[in-house]
Amino acid sequence: MPAGAFDLDRAWQVHPRVSIRPEPFGALVYHFETRKLSFLKERTLLDVVNGLDGVRTARDVCRAAGVPEEQEARYGRALAALAASSMLVAAA
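The residue numbering used here restarts from 1 in each chain and proceeds along that chain's sequence as written. Restriction of local features to residues with pLDDT of at least 70 applies here, the model being predicted, together with a cutoff of 80 or more for giving and counting side-chain atom pairs; totals for whole chains, interfaces and linings are based on all residues. To get the side-chain values, all heavy atoms of the structure are used, and hydrogens and water are removed first.

Draft legend 1. View of the nonpolar core. With 23 residues, the main nonpolar core has Phe6, Leu40, Leu79 and Leu88 as its most contacted residues. Among the elements of the structure, strand 3 (26-31), helix 1 (43-51), helix 2 (58-64) and helix 3 (72-84) are those that each provide at least two residues to this core. With five residues, the single largest contributor to this core is helix 3. Here, the term nonpolar core denotes a set of buried Ala, Val, Leu, Ile, Met, Phe, Trp, Tyr and Cys residues that are joined through side-chain atoms within 4.5 Å. Between buried and exposed lies partly exposed: a residue is buried under 20% and exposed over 50% of the maximum accessible area for its type, with that area taken using a 1.4 Å probe on protein chains only. Secondary structure elements follow DSSP: runs of H or I of four or more residues count as helices, runs of E of two or more count as strands, with numbering from the N terminus.

In structure tokens form, the structure reads like this:
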């Protein structure tokens, strides 16, 4: 998925083969199939990723996590990078 193609207005979820380990700086995210490791560099992004439940839109999750509207694009880019590395998948 191209980095700019992330759709905040659809439901997303963490890939079932991904493990998230909270850390003081944010979190470590590991994909057991691809063996990729990613770092979430802030707790709010961790809250957003943990809130992706496959039901609500990513934009709704951002709002619930307290992301200001003017920062949604930045969070969208971070989520796009996670989707591009198969850490996140579009909900069915």
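Draft legend 2. Focus on helix 3. Here helix 3 contains 13 residues, and its C-alpha end-to-end distance of 18 Å stays within 8% of the 18 Å for a straight helix at 1.5 Å per residue. Contacts between residues were defined by any pair of non-hydrogen atoms, one from each residue, lying within 4.5 Å. Buried residues along helix 3 sit in contact with strand 1 (11-14), strand 4 (37-40), helix 1, helix 2 and strand 6 (88-90). Any helix carries an expected span of 1.5 Å times its number of residues minus one.

Draft legend 3. Inspection of unusual backbone geometry at higher detail. Even without glycine at this site, arginine 35 takes up a positive phi of about 65°. By the secondary structure assignment, arginine 35 is in the loop between strand 3 and strand 4. Of the residues examined, arginine 35 reaches a relative accessible area of 67% and is grouped as exposed. Of note in this structure, serine 86 is not a glycine but carries a positive phi near 65°. Note on serine 86: relative accessible area 31%, which makes it partly exposed.

Draft legend 4. Structural view of the sheet that holds strand 1. Two strands are counted as paired when DSSP detects at least two bridges linking them. Spatially, three strands are ordered 5-1-6 in an open sheet, and the strand pairing comes out antiparallel. Unpaired on one side and paired on the other, strand 5 (53-57) and strand 6 mark the two borders of the sheet. In this sheet, adjacent strand axes meet at a mean angle of 35° when their direction is disregarded. As paired elements, strand 1 and strand 5 share two bridges and run antiparallel to each other. Paired with glutamine 13 across the bridge in strand 5 is aspartate 53. The axes are straight lines fitted to the C-alpha atoms, using for helices just the contacting stretch, and the angles between their N-to-C directions are given from 0 to 180°.

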